Amino acid sequence: MDDEDAPATRVLLAEDQGMLRGALALLLGLEPDLTVVAQVAAGDAVVAEALRTRPDVALLDIELPGLSGLDAAAELRDRLPQCRVLILTTFGRPGYLRRAMEAGAYGFLVKDGPVEELAAAIRRVLAGERVIDPALAAAALSAGPNPLTQRERDVLSAAADGATVADVAARVHLSPATVRNYLSAAIGKTGTRNRMEAVRAARQNGWL
């Protein structure tokens, strides 16, 4: 079969900024071998829309309402394993890259690149290649692994809005004493002085 006769690669686009989402869809639609079959603005809409439209590649932002792009990627891996995930984000943080790979993503690019580069990345992940922003890959290697356990991340996330220990304990279904222990451990591992500094440090490194 000639390339001209091959079916176009089906793309799902998850981006919460409407103008950017529309622009990306328009630009990708100009590529003769790509077609955007779905656009969603929230992370918790990704899997349902993917199951409905059966994309070959899903382009996911990380910071989405409802569910993060990283969590949506992990769900897609389990529910629609033939769909290749490419993370496209403003935030090129080493911890995000590690978590994206753990979630089964095939690629990780930052949004400041040209659309031709993105189109080429879609073709490469569809072919089974890994596509990772080189500067980010180098930063991830030097940063080392995420020092926080899943429980420590859960507790820090629950405390991010300044909630009391009692409120955090209720949110994560743990005792206040256990929450204090996890917060103390997270503060120690991030080298910070209090839990709000720990939240900031964890977010800057992409650990939350």
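Residues numbered from 1 in each chain as written. Predicted model: local features only at pLDDT ≥ 70, side-chain atom pairs only at ≥ 80, totals over all residues. Heavy atoms only, no water.

K.L.:
Any chance you could explain the packing of aromatic side chains here in plain terms?
P.N.:
Within a pair of aromatic rings, the relevant descriptors are the distance that separates the centres and the angle that separates the planes. What the rule picks out here adds up to 0 aromatic pairs. In this structure, Arg-84 is placed above the aromatic ring of Tyr-106, and the distance from its NZ or CZ to the ring centre is 4.4 Å. (Phe/Tyr/Trp six-rings, centres within 6.5 Å; stacked < 30°, edge-to-face > 60°. Lys NZ or Arg CZ within 6 Å of the ring centre and 35° of its normal.)

K.L.:
So what exactly am I meant to see when it comes to unusual backbone geometry here?
P.N.:
Peptide bonds are, in most cases, trans, and in most cases residues other than glycine have a negative phi. In the Ramachandran plot, Arg-54 falls in the positive-phi region, its phi being about 55° despite a non-glycine side chain. Tracing the backbone through its elements, the reader meets Arg-54 in the loop between helix 2 (46-53) and strand 3 (57-60). Overall, the relative accessible area of 43% leaves Arg-54 in the partly exposed class. Even without a glycine there, the phi angle at His-173 is positive, about 60°. (Helix = DSSP H or I, 4+ residues; strand = E, 2+ residues; numbered from the N terminus. Buried < 20%, exposed > 50% of the residue type's maximum accessible area, 1.4 Å probe, protein only.)

K.L.:
Got a minute to help me understand empty space enclosed by the protein in this structure?
P.N.:
Throughout the structure, instances matching the rule amount to 1 cavity of 30 Å³ or more. In this model, the largest cavity occupies a volume close to 30 Å³. Lining of the largest cavity is provided by Leu-13, Ala-14, Glu-15, Leu-24, Leu-59, Leu-60, Asp-61, Leu-88 and Lys-111. Of all the secondary structure elements, the ones that give two or more residues to the lining of the largest cavity are strand 1 (9-14) and strand 3. (1 Å grid on protein atoms, 1.4 Å probe; cavity = no way out; pocket = protein on both sides within 12 Å on 5 of 7 lines; lining within 4 Å. Points joined across faces, edges and corners; volume = space filled by probe spheres on them.)

K.L.:
Please explain the packing of helix 7 (residues 150-159) against helix 8 (residues 165-172) as it appears in this structure.
P.N.:
If you want to describe how two helices pack, look at the angle between their axes and the distance between the axes. Closest axis-to-axis distance for the helix 7/helix 8 pair is 9 Å, and the angle between their directions is 125°. Judged on the interaxial angle alone, helix 8 and helix 7 are oblique. Between helix 7 and helix 8 lies a crossing of right-handed hand. On the side of helix 7, the interface is formed by Arg-151, Asp-154, Val-155, Ala-158 and Ala-159, while helix 8 contributes Val-168, Arg-171 and Val-172. For the contact of helix 7 with helix 8, the class distribution of residues is 5 nonpolar, no polar and 3 charged. (Axes fitted to C-alpha atoms, helices over the stretch in contact; angles between N-to-C directions. Parallel < 35°, antiparallel > 145°, perpendicular 65-115°, else oblique. Left-handed = near helix turned anticlockwise from the far one by under 90°. Contact = heavy atoms within 4.5 Å. Nonpolar A, V, L, I, M, F, W, Y, C, P; charged D, E, K, R; others polar.)

In short, shape yes, function no, at least from these values alone.
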